[in-house]
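A closer look at the structure
What follows is each chain in one-letter form.
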Amino acid sequence: MNNKPSPPKLLLRFFRWFCHPELHRFIEGDLLELYEERMEASGRRKANIQFALDVLLLFRPGIIRPVQQPYLLNYTAMFKSYFKISWRNMLAHKLYSAIKTGGLAIGIAACLLITLFIKNELSYDMHYPDSDRIYRVLFEYSYHGEHGFGVATQAPLAAKLTSDFPEVEIAGRLNPYSFMGAGGKEVRFENQQSSRYEEHTAYADPELLKVLQPVMVEGNLHRALSKPATVVITKSKANLYFPGESALGKVLIFNEDNKHPYTIDGVIEDFPENSHLNFDFLLTLSEQEFWKEEQQSWLNTNYFTYVKIAPGTNVVQLESKLATILLDYCTPAISAVLEIEPESIQENFKFHLQPIRDVHLNSTHTDDMLASGDIKLVWLFGAIAFFILSLASINFINLSTAKSANRAKEVGLRKTLGSLRSNLVQQFLAESVLFSMIGFLVGVLLAWLLLPYFNSLAAKSLIFPWKQIWFVPSIFLVALLLGVSSGLYPAFYLSAFKPAKILKGSMRQGSGNAKLRNGLVVFQFGITIVLLIGTLVVNQQMNFILNASIGFEKDQVILLQGVQTLGNKVATLKTELLKLPDIERVSVSDYLPITGPEVKRNGTSFWKEGQKGEIQAMGQLWQVDEDYVGAMGMNILKGKDFSRNKGFNREKAIINETLAQKLGLDNPIGQLIEKNGGDGGNKVEIIGVVEDFNFQSFKENIGGLCLIIGNSPSIASLKVRTGNVSHLLPAIEEIWNQLSPTQPIRYDFLDERFAVMYGNIQQMERVFFTFALLAVIVACSGLFALAAFMAEQRSKEMSIRKVLGASVSSIYFSLTWGFLKLVLFALIIAFPIAWYIMQQWLTDFAYRIELAWWFFGAAAFAVIGITLLTISSQALKLSFANPVDSLRNE
């Protein structure tokens, strides 16, 4: 028994493979002798490593086999022959080749664009250092039938998280809310009167910078925002306001009355596009004069809290420990004011930690007033990319197997002359890879050309990654894999033909694998039908939102912004505007039934007078003027509007139907309710009830709302009588310039703002339509090629039928019915799938359309019509053909 130690067999075989036959026996003996010596001296592990190095060093000219070996030449020539034959086949069948490569190009272009989109969406907030340890605090509530997640937390929370929990390294606050002057501000230089509106402003703690660690262009990250009246700005804004010079120490005037100077003590790199935070100005919260009394309050929730946790922290356990915050701080404060049982607070309120990487895609039902994506949209895009590429691959497989008769004699002759099946498989795979490579080349160019359109479709600013080192190798590898995977079945199918049957003519020509081919056609049209139904449903839901009775009049309302810069001239502006005959009402209030820049929100709690702990409701408290209800066209169901006599309006309120219902007020007029917050006292008398209207989104149920008279002077809403607003705007601008000659006028329209609220739905509608169109094009191109092939194969059969007296209509029906059956099968399969998918999508909307039969009927009619149009040209051509042309050679 030979117990000699042996080196790794794989390395030994590799050496024997590349070493020259005349040398390897001598060199191998020396290698084995050295290996034995090293085994005794250093052990097996080191001996194996040294043996591997020796083998690799021997792989050099003079030792390796000569590269001019006959088998290598034959191998190279063989592959050259494969690709040459493939190229000739492509040129010989131009229609089929164009459909194969064209379908692949469309699928690849769609897949590549969607891949760029998904990569961008999944990369959000990954750029922060230690992003895997950064979390945003969420506040979950479930109270009086309302359930949801909020990000607005109490002012003292950040400090308590740092002091009470060793797992939290640091915590910082952000306040983007417009009621503190954030969310959009007028900005000017210290020595100038004119200002520029900057939409992306917020208040922040110095600790927030330490959590996020943005790149500092100027200043010190650890000292920025630590002093009162300081601000950190982005590099782009520094270049805009102070081109060619340092921004540090410069002064900008902020705030709603344009009288608050802030010193710049830091410049950071711009937040990238793939960040859920996109602020250009971060004003310090250090010793901020706004609402000083709430800094120790556990009732007011106005701050976003971000934390960085220590490495190795168990987040689930830390979340459970956060309940002590509720127990020790929130419960005593809430119970003292609202007389709610402590047990109820513990059961219905919870703190959660949301990874910063999840904020963009998993905040659909979180009220953070920030632009966000939707993980469902990412999955939708990914599924569509897969299906479009599948359609193209199916075309390739179908056309390859359908054309089997044309390749059968070639296969028979090759096998008769000695070709192995493996050689034939290689031939057909080479052909498939060639198609794939050409399709990828065209697809990449097509994607590059369509990228601007796709950016507008997906509301992105994607760029093509030509310079990325991974791009070209990845494209080549995917093209190779797609070519091989798409060609495997046709290669093995075609190479399996028996030469005896082929050359005797006993094989059914063109039979291919009809069951598989038909199944793939059904799959193609099933996908197309689902996309068509999805397009119809999304379109109708969007129309429902934009045209539904929403409880207020969004049309013919101009929103004049930046009104607070007029100071004590706001009343004069209102008076002068009302003098214009085409202006019916003017209301000054920042609380609007839409979301967007400068629009305020103020959530609070309400209860019946003296019944804090019995029936309570959560809702919005809006400060408006006496013209608000009329300017917005709201419908007063009970009671009356605010009076022109401002003294009468003190401690009066108008509520909506939902708030009245939540408070259990059957006869609300004259009733007293109490509220937590707002100007003046906490007790108000209800003088009117307005019809419910959607002031958030159709995805949410209508919440409670209370309108009170108060000061909120940033936006003036102008209700106009004329449909020709363009002629009215110059007159409005003239009045504005008289009152504020140094401040540019800014305005937009309420109906446009309303539509922007549903931009993601409009985006989904465009996505469905575009890719449904692509699916139709790819599926129909394949169907057309199959129809042309079937017409070619059945030409003699149809000619014989025609000679025997068959009518044109019967021949046409015979040719088309086979394809129509496949479409009917696809309809049967696709209908329940489409119904389920769209039913799930519509559940996101509290106010939605119902899935009607006509969605499915319209899709069926469209698909059947498209199918008939696609195959009719070939069917009619054969139906009217002269049978003599087909039978003359028989």
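Throughout what follows, the structure given in this document is the object of discussion. What you are looking at is a predicted structure, and each value in this text was computed from that prediction instead of being measured. As a convention, each chain's residues are numbered from 1 in the sequence order in which they are written. The predicted origin of the model limits local features to residues at a pLDDT of at least 70 and limits the giving and counting of side-chain atom pairs to 80 or more, whereas totals for whole chains, interfaces and linings rest on all residues. Only hydrogens and water are removed before side-chain values are computed, so all heavy atoms of the structure are retained for them.

Side note on the overall build of the chain
Note on conventions: DSSP H or I runs of at least 4 residues are helices, E runs of at least 2 residues are strands, and numbering of each starts at the N terminus. Looking only at helices and strands, the chain features 27 helices and 26 strands. Between buried and exposed lies partly exposed: a residue is buried under 20% and exposed over 50% of the maximum accessible area for its type, with that area taken using a 1.4 Å probe on protein chains only. Of all 890 residues assigned to the chain, the portion counted as buried reaches 51%. Residue pairs in contact within the chain that sit at least 24 positions apart in sequence constitute 79% of those at least 6 positions apart. All accessible areas in this document rest on Shrake-Rupley with a 1.4 Å probe, and a residue is counted as covered only by the protein chains that are shown. Within the structure as shown, the chain displays about 41700 Å² of accessible surface, and the carbon and sulfur contribution to it stands at 59%. Any two residues whose heavy atoms approach within 4.5 Å are treated as being in contact.

Quick look at a nonpolar patch on the surface
Together, Leu 441, Val 442, Leu 445, Trp 448, Leu 449, Leu 450 and Trp 466 make up an exposed nonpolar region whose accessible area comes to about 700 Å². Examined against the element boundaries, Leu 445 turns out to sit in helix α14 (residues 421-458). Candidates for patches are residues over 30% relative accessible area with no salt bridge; among them, like charges are joined within 9 Å and nonpolar side chains (Val, Leu, Ile, Met, Phe, Trp, Tyr) within 5 Å. Salt bridges are identified by distance alone: a Lys or Arg side-chain nitrogen within 4 Å of an Asp or Glu carboxyl oxygen.

Quick notes on the packing of aromatic side chains
Ring pairs are drawn from Phe, Tyr and Trp, using the six-membered ring of Trp, whenever the two centres fall within 6.5 Å, and their geometry is named by plane angle: stacked under 30 degrees, edge-to-face over 60, tilted for the rest. Applying the stated criterion across every chain, the model contains 25 aromatic pairs. Summarising the aromatic geometry, the rings of Phe 254 and Phe 281 are spaced 5.5 Å apart at their centres and angled 70 degrees between planes, so their arrangement reads as edge-to-face. With Phe 254 in strand β10 (residues 251-254) and Phe 281 in strand β12 (residues 281-284), this residue pair connects regions lying 27 residues apart in the sequence. Summarising the burial analysis for this pair, Phe 254 and Phe 281 share the class buried. Put simply, the rings of Phe 189, Tyr 241, Phe 242, Phe 254, Tyr 262 and Phe 281 touch in pairs and so form one group of aromatic residues. In this scheme, the term charge over a ring applies when either NZ of a lysine or CZ of an arginine sits within 6 Å of the ring centre and within 35 degrees of the ring normal. The aromatic ring of Tyr 241 is capped on one face by Arg 196, whose charged end is 5.9 Å from the ring centroid. Of note, Lys 250 hangs over the ring of Phe 242, and the distance from its end group to the ring centre comes to 5.8 Å.

What about the sheet that holds strand β26 (residues 746-749)?
We treat two strands as partners when DSSP finds at least two bridges between them. On the basis of which strands lie adjacent, the open sheet formed by 4 strands has the order β17-β25-β16-β26 and antiparallel pairing. Looking at which strands have only one partner, the edges of the open sheet turn out to be β17 (583-588) and β26. With direction set aside, neighbouring strand axes in the sheet form an average angle of 25 degrees. Note that β17 and strand β25 (residues 715-720) share 5 bridges and pair antiparallel. Of the residues in β25, the one forming a bridge with Ser 587 is Ser 717. Working convention: axes come from line fits to C-alpha atoms, limited for helices to the stretch in contact. Angles between N-to-C directions cover 0 to 180 degrees. Here helix α18 (residues 570-578) sits on the sheet and contacts β16 (557-561), β17 and β25; the angle it forms with β17, its principal contact strand, is near 165 degrees. Strand contacts of helix α21 (residues 725-739): β16, β17, β25 and β26, with the helix running at about 25 degrees to β16, the strand carrying the most contacts.

Overview of helix α5 (residues 94-122)
For a helix, the expected span equals 1.5 Å multiplied by the residue count minus one. The terminal C-alpha atoms of α5 lie 41 Å apart, and with 29 residues this matches the ideal 42 Å at 1.5 Å per residue to within 8%. Of all 29 residues in α5, 22 are buried; the element is thus mostly enclosed.

With respect to helix α6 (residues 157-164)
Every buried residue of α6 is accounted for by Leu 157, Ala 158 and Leu 161. For α6, the angular spread of buried residues about the axis comes to 105 degrees, placing them on one side. α6 presents Ala 159 and Ser 163 as exposed residues on the side facing more than 90 degrees away from its buried surface. An arc is given here, and it is the one of the directions from the helix axis to the C-beta atoms.

Regarding the pairing of strand β4 (residues 168-175)
Counting buried positions over the 8 residues of β4 gives 7, a clear majority of the element. Direction of pairing for β4 relative to strand β13 (residues 301-309): antiparallel, over a ladder of 6 bridges. Its bridge partner being in β13, Ile 170 is matched across the sheet by Lys 308.

Describing the nonpolar core
What makes a nonpolar core is a set of buried Ala, Val, Leu, Ile, Met, Phe, Trp, Tyr and Cys residues whose side-chain atoms join them at distances within 4.5 Å. If you look at the biggest cluster of nonpolar residues, it comprises 109 residues, and the most contacted ones within it are Phe 117, Phe 454, Val 537, Trp 622, Leu 707 and Phe 771. Here the element with the most residues in this core is α5; it accounts for 14 residues. When neighbours within four sequence positions are excluded, Phe 454 is seen to be in contact with Leu 113, Ile 114, Phe 117, Phe 381, Leu 462 and Phe 771. Ranked by size, the runner-up nonpolar core spans 29 residues in total, among them Leu 138, Leu 221, Phe 304 and Val 359.

Comments concerning the side chain of Gln 154
Here Gln 154 is to be found in strand β3 (residues 153-154). Not counting the four nearest positions on each side in its chain, Gln 154 is found in contact with Ser 297, Trp 298, Leu 299, Asn 300, Thr 301, Tyr 303, Cys 330 and Phe 351.

Details of the environment of Glu 186
Along the chain, Glu 186 turns up in strand β5 (residues 185-189). By relative accessible area, Glu 186 is classed as buried at 2%.

What about the pattern of salt bridges?
The tally for this structure, following the rule as stated, stands at 18 salt bridges. For Lys 460, the salt bridge identified is with Glu 121, shortest N-O distance 2.3 Å. Within this pair, whereas Lys 460 is found in the loop between α14 and α15 (471-495), its partner Glu 121 is found in helix α5, the two being separated by 339 residues in sequence. Residue classification places Lys 460 among the buried positions, given a relative accessible area of 11%. Judged by relative accessible area, which is 5%, Glu 121 ranks as buried. The shortest N-O distance in the salt bridge between Glu 169 and Arg 133 comes to 3.2 Å. Remark: Arg 133 occurs in the loop between α5 and β1 (134-143) and Glu 169 occurs in strand β4; sequence separation between them is 36 residues. Relative accessible area serves as the criterion here: at 40%, Glu 169 is assigned to the partly exposed category. A single network of salt bridges, built from pairs that share partners, joins Asp 130, Arg 133, Glu 169 and Lys 308.

Details of a negative patch on the surface
When charges are tallied, Lys and Arg are placed among the positive residues and Asp and Glu among the negative ones, while His and the ends of the chain are skipped. In this description, the location of a charge corresponds to atom NZ of lysine, CZ of arginine, CG of aspartate or CD of glutamate. Taken together, the side chains of Asp 30, Glu 33, Glu 37 and Glu 40 define an acidic patch exposed on the protein surface. Glu 33 sits in the partly exposed class, given a relative accessible area of 47%.

Topic: the packing of helix α1 (residues 9-18) against helix α3 (residues 44-58)
Running from N to C, α1 and α3 cross one another at 15 degrees; their axes reach a closest spacing of 10 Å. When the axes of α1 and α3 are compared, the pair comes out roughly parallel. The hand of the α1/α3 crossing is left-handed. Here α1 contributes Leu 11, Leu 12, Phe 14, Phe 15 and Phe 18 to the contact with α3, which in turn contributes Phe 51, Ala 52, Val 55 and Leu 58. Each residue receives one of three labels: charged for Asp, Glu, Lys and Arg, nonpolar for Ala, Val, Leu, Ile, Met, Phe, Trp, Tyr, Cys and Pro, and polar for the others, Gly being one of them. Here the contact of α1 with α3 is built from residues that sort into 9 nonpolar, no polar and no charged. Each angle is binned into one of four classes, with values under 35 degrees roughly parallel, values over 145 roughly antiparallel, values of 65 to 115 roughly perpendicular, and all other values oblique. Crossings are classed by handedness, with left-handed meaning an anticlockwise turn of the near helix from the far one by less than a right angle and right-handed meaning a clockwise turn.

Regarding unusual backbone geometry
Positive phi values are uncommon outside glycine, yet Gln 213 reaches one of about 50 degrees. Judged by its relative accessible area of 28%, Gln 213 falls in the partly exposed class. Positive phi, close to 60 degrees, is recorded for Glu 651, a residue that is not glycine. For Glu 651, the location among the structural elements is in the loop between β20 (636-639) and β21 (652-656).

Notes on the environment of Leu 750
Relative to the elements of secondary structure, Leu 750 occurs in helix α22 (residues 750-756). For Leu 750, a relative accessible area of 0% translates into the label buried. Among residues more than four places away in sequence, those in contact with Leu 750 are Phe 552, Glu 553, Lys 554, Val 557, Leu 559, Ile 594 and Met 632.

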